[in-house]
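Summary of the model geometry
Listed below are the residues making up each chain.
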Amino acid sequence: MLSRLRPLTQISQYYLRLPQVSLTSIKFYSRFSSAHMMAKSDVFRLSDYDCIGFDLDNTLVQYKIQEMVKMEYETLVKFLIETKNYPKCLQDPIDYDFLQKGLILDFAKGNILKLDGAGRIVRASHGTKFMSEDEIEAVYPERRWIVTDEYVANPLETWNGPLAEKMRALLDYFDMSASLIFGRMVDYIDAVRASGEKCDFELWPDILDGLRTMYDRENFRLNKGGYFPEMKANPEKYIHKASADLLKWLQEVSDKKTTFLITGSHVNFANLTATQALGPDWRKYFNFIGCFAKKPGFFTGAKPFVRLDGDLETIALTPDQLELGPIYSQGNWRDMIQLLARHTGKNQPRFLYFGDNIIQDVYTPAKFTKCDTITVCEEMLGEGMKCIEELHQDTILLKSHTWGSYFSHNRKPSFWAELIEKYSKICIPSVETLAKYSFDHEFYTFTESEHKKGFYPEDPVHVE
């Protein structure tokens with residue numbers, strides 16, 4: 001989670017980015033690089049893989065999302081009011097229906113955007129006021145914006161380049177509350193200026209400064225920033241305990257396969273959340289653990305793993321110095337798979353990775369490595385699935401009547417659904433979904449002709 005905030009650039013002290021990625025030196029792989037290409041089959045089995053890996057936050061660790069997003073919103077607003085002199089109207093009750101994962105902020109225009117699978121802008125608001133069809137066309141001719149066109153063509157370009165200073169995609173539950181703060185502040189600025197008064201804020205840089213303060217890994221140790229002190233004091237308020245079925249399944253996976261955990265969280269926060277969710281012996285489920293992995297750069301770059309002394313990073317390590325057992329920090333995919341290949345005794349072991357962040361955990365490993373991926377998307381249960389009555393306990397946050405389905409718009413896939421179907425084998429609402437199936441169960445995967453085939457246990461209600 002923590003490494004999802006991008007480090008400061010030379011252009012602006014406020015913008016955060018991950019390490020530079022040279023795309024010209026990276027190989028692209030078909031999403032069918034493993035099971036489909038090798039077995040010539042659209043069938044997926046866990047038992048076919050040699051190494052199975054997991055993200056931690058919102059994958060193995062499930063949060064009480066509404067409670068956590070509320071706390072994040074209040075923490076960020078407190079920072080803005082106390083340090084940036086923002087108006088207290090931001091303390092109004094949260095409009096959960098305005099929030100949705102995956103919205104895109106247009107900094108210059110003060111607009112918030114939703115894209116379809118072709119990258120067209122299908123829904124938009126200026127501040128929190130929704131734009132009409134004609135207004136969208138007037139601001140974004142043919143419903144296109146060059147910046148989002150670049151993003152759709154290659155999401156990593158806006159991670160590192162100048163386009164990152166023009167837009168931000170809010171990819172997960174750690175930053176999704178920023179859209180409401182951004183929208184409300186645009187409303188406030190417009191109202192003040194309409195009255196003839198001057199009103200200037202460094203809006204997105206200020207918000208990003210607040211996010212950086214909240215999630216700065218040093219603030220866990222220092223007990224600062226608002227977010228970490230609250231999580232440390234009340235972990236049970238924000239984190240679900242894993243079910244006995246999930247723990248039993250994890251143990252089965254660990255017994256049968258080489259397992260690894262790659263998380264963006266620093267080791268101290270990872271230990272807090274994993275202990276609360278999986279138990280104090282959580283490390284037993286994984287042969288290899290990497291923390292503060294700067295995804296997506298972890299999958300494309302060459303940053304070395306760093307040895308830890310407790311919570312503190314010490315020295316960088318060569319691939320030959322890595323071993324199973326210790327927890328490492330930072331690192332890269334190439335060095336890790338060399339170690340795991342030696343452990344399996346295979347020249348080309350097959351890798352599978354579970355994650356929730358569509359860009360960091362699904363798109364990047366599937367496109368730039370030979371690793372297959374599984375998307376964990378709680379919106380499946382939040383919006384509802386066909387033939388299943390159960391709904392997510394945080395449906396009030398996960399189902400937006402304002403923006404429409406996370407998966408579609410007017411019966412056509414959203415941008416995020418398009419990426420899920422193109423780059424993951426299957427999509428599930430939680431890892432526990434797979435605990436209900438045998439380890440050798442055959443799942444039908446997403447294919448180019450059957451896009452909805454890979455949703456389990458059932459299709460989302462808004463997928464045609």
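The rules we used
- Residues numbered from 1 in each chain as written.
- Predicted model: local features only at pLDDT ≥ 70, side-chain atom pairs only at ≥ 80, totals over all residues.
- Heavy atoms only, no water.
- Helix = DSSP H or I, 4+ residues; strand = E, 2+ residues; numbered from the N terminus.
- Rg over C-alpha atoms; globule rule 2.2 N^0.38 Å.
- Contact = heavy atoms within 4.5 Å.
- Areas by Shrake-Rupley, 256 points an atom, 1.4 Å probe, with all protein chains shown as cover.
- Lys, Arg positive; Asp, Glu negative; His and termini not counted.
- Charge placed at Lys NZ, Arg CZ, Asp CG, Glu CD.
- 1 Å grid on protein atoms, 1.4 Å probe; cavity = no way out; pocket = protein on both sides within 12 Å on 5 of 7 lines; lining within 4 Å.
- Points joined across faces, edges and corners; volume = space filled by probe spheres on them.
- Nonpolar A, V, L, I, M, F, W, Y, C, P; charged D, E, K, R; others polar.
- Pairing = 2+ DSSP bridges.

Helix and strand counts for the protein chain come out as 18 helices and 18 strands. Its C-alpha atoms give the protein chain a radius of gyration of 21 Å, within 12% of the compact-globule value 23 Å for 464 residues. By its C-alpha atoms, the protein chain is 70 × 50 × 45 Å across when sized along the principal axes. Of the contacts made within the protein chain by residues no fewer than 6 positions apart, 73% connect residues no fewer than 24 positions apart. Carbon together with sulfur atoms contributes 48% to the accessible area of the protein chain, which is approximately 18,600 Å² in total. Mean positive and mean negative side-chain charge positions of the protein chain (56 and 65 charges, respectively) differ by 4 Å.

Right, let's get into the layout of surface pockets. The gaps left among the atoms become clear once a water-sized probe is rolled over them. For the second largest pocket, the calculated volume is near 490 Å³. Around the second largest pocket, the lining is made up of 23 residues, and of these Q62, L381, E390, S430 and E432 lie nearest the centre. A class-by-class count of the residues in the lining of the second largest pocket yields eleven nonpolar, seven polar and five charged.

Moving on: empty space enclosed by the protein. Throughout the structure, instances matching the rule amount to five cavities of 30 Å³ or more. Computed from the structure, the second largest cavity encloses a volume of approximately 70 Å³. Lining the second largest cavity are Q100, K101, G102, L103, I104, K114, L115, Y406, S414, F415 and W416.

Next up on the list: the pairing of strand β11 (residues 312-316). Alignment of strand β10 (residues 305-309) against β11, held across three bridges, turns out to be antiparallel. Pairing of V306 across the sheet is with A316, part of β11. Hairpin connection, β10 to β11: the antiparallel pair is bridged by two residues, and G310 has positive phi, about 70°.

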